[in-house]
Amino acid sequence: MKERQIIALEHLSIHKFLTSSQFVQLNLYKNRGEVTNALKELLESKKPLIGKKNFKPDPTYGKVESIYYLTQYGKNYLVKNFNYLPENIKFIKKEVNLFQREYHHRRSTVDFNIGLYKWIQRVDGEIIFSHYYFDKKGNNHSKDKSKHLCALNKLELKDGKSFIPDMITMFNIKGKEYLYLFEQNNDYSTTRLINELLPYLYAMSDGLFENIFGFKRSPRIAVVCKNENVKYNLLKRLRTDERFKHFYNLFIFKSNDELLNNFEQNWTLINGQKVSFIQPEKAN
């Protein structure tokens, strides 16, 4: 197998789903046509290491790209030949589990993970774990219903309610650990997004992140909005919301375009201050 094909498998084990454009985004191939030609062999073998899912045109966006994913055979290949830990590999057991209606939300969530991965490589850091909202844990065959299949990112609050961040990641840079949670918003409703952010305030009040992750500092919540206008309107509303008054330094914001242009720099705090991804200055 060619070196870049092996790297393609490794990327799929990290990101779970990738389009041809995202492979280009990862600097593995020069263009989408090169991706198609390079991965054809892995798709068409008797025991294919990767799978490919095509989608019907989206009523709003029109034609959408196919996605590639790692199969059980691909997972076994990485475990057998490169000593990967099975629990650290993202793969798809059955294509029936793949999505249609959440295509753009999931793709945008993967874009964030790609940006994080590329940035971590540049700063010589290490990702300890990175889980999506569509990663699952549990087994429906268990007699104990509490162990049935559920979202890996599901967080339980003290009042009995729960919420599921779009991504939870912990990484290490120069011996210091960071915990980040991520929310992706691909619509125009700032009200809906504010309601999605409120559980993070309750979780911090509950000490949830220390209890679950052993993380004694406050985590940071990265929020990516559909566009710059949605971000502007959201921040304007948050500045007048008393519930967020003491949490300005914990939330950072970008638009989808800003994320793709530069992952590390130009995140925005609630008060409008521009900060970097891991070193925002304290804000009033």
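Each chain carries its own residue numbering, running from 1 in the written order of its sequence. For this predicted model, a pLDDT threshold of at least 70 governs which residues receive local features, and a threshold of 80 or more governs which side-chain atom pairs are given and counted, while totals over whole chains, interfaces and linings are taken from all residues. Water and hydrogen atoms play no part in the side-chain values, which are based on all heavy atoms of the structure.

(A) Structural view of the packing of aromatic side chains. Two aromatic rings from Phe, Tyr or Trp, using only the six-membered ring of Trp, form a pair when their centres are within 6.5 Å; if the ring planes differ by under 30 degrees the pair is stacked, by over 60 it is edge-to-face, and anything between is tilted. Within the structure shown, the criterion is met by 24 aromatic pairs. When the ring of Phe171 is compared with that of Tyr178, the centres are 5.4 Å apart and the planes differ by 20°; the resulting orientation is stacked. Each member of the pair Phe171 and Tyr178 is classed as buried. Aromatic ring contacts, followed pair by pair, group Phe112, Trp119, Phe171, Tyr178, Tyr180, Phe182, Phe263, Trp267 and Phe277 into a single cluster. Charge-over-ring placement is defined geometrically: NZ (Lys) or CZ (Arg) within 6 Å of the ring centre, and within 35 degrees of the ring normal. Lying across the ring of Tyr178, Arg217 places its NZ or CZ 5.7 Å from the centre. We call a residue buried when its accessible area falls under 20% of the maximum for its residue type, exposed when it is over 50%, and partly exposed in between, using a 1.4 Å probe and counting protein chains only.

(B) Seen up close, the pairing of strand E11 (residues 220-225). Working definition: helices are DSSP H or I runs of at least four residues, strands are E runs of at least two. Numbering for both runs from the N terminus. Within E11, six of the six residues are buried, leaving the element largely enclosed by the surrounding structure. One bridge is not enough; two strands pair if DSSP finds at least two bridges between them. As paired strands, strand E10 (residues 176-184) and E11 are joined by five bridges and run parallel to one another. Pairing of Phe182 across the sheet is with Ala222, part of E11. Seen with its strands pointing away from the viewer, a crossover is right-handed if its path from the first strand over the helix to the second goes clockwise. Taken together, E11, helix H8 (residues 228-238) and strand E12 (residues 251-255) constitute a β-α-β crossover, and its handedness is right-handed.

(C) A look at the nonpolar core. Membership of the largest hydrophobic core comes to 54 residues, with the highest contact counts inside it found for Phe23, Leu39, Phe112, Trp119, Phe171, Trp267 and Phe277. Looking at this core, the elements that each hand over two or more residues are helix H1 (3-15), strand E1 (17-18), helix H3 (32-44), strand E3 (67-70), helix H5 (103-122), strand E9 (167-173), E10 and E11. When residues in this core are grouped by element, the largest group, eight residues, is from H5. Each residue touching Phe171, except ones within four places of it in the same chain, is listed here: Leu116, Trp119, Ile120, Glu126, Ile127, Ile128, Lys176, Glu177, Tyr178, Tyr180, Phe277 and Ile278. As used here, the term nonpolar core means buried Ala, Val, Leu, Ile, Met, Phe, Trp, Tyr and Cys residues forming a set that is joined through side-chain atoms within 4.5 Å. Listed in part, the 33 residues of the second largest apolar core include Ile168, Cys225, Leu235 and Phe244. By definition in these notes, contact holds between two residues if any of their heavy atoms fall within 4.5 Å.

(D) Representation of the side chain of Lys75 in the model. Tracing the sequence through the fold places Lys75 in helix H4 (residues 72-82). Ignoring any residue separated from it by four or fewer positions in sequence, one finds Lys75 in contact with Leu70, Pro86, Ile89 and Phe91.

(E) Local environment of the environment of Pro59. Mapped onto the fold, Pro59 is located in the loop between strand E2 (50-53) and E3. The class for Pro59 is exposed, based on a relative accessible area of 84%. In sequence terms Pro59 and Leu149 are 90 residues apart; their C-alpha atoms lie 31 Å from each other.

(F) Up close: the sheet that holds E2. The strand order across the open sheet built from three strands is E1-E3-E2, with neighbouring strands paired in antiparallel fashion. For this open sheet the edge positions go to E1 and E2, each flanked by a neighbour on one side alone. Here four bridges tie E2 to E3, and the two strands are oriented antiparallel to one another. In the strand pairing of E3, Lys53 is matched with Ile67.

By themselves, these are just geometric observations and shouldn't be taken as functional.
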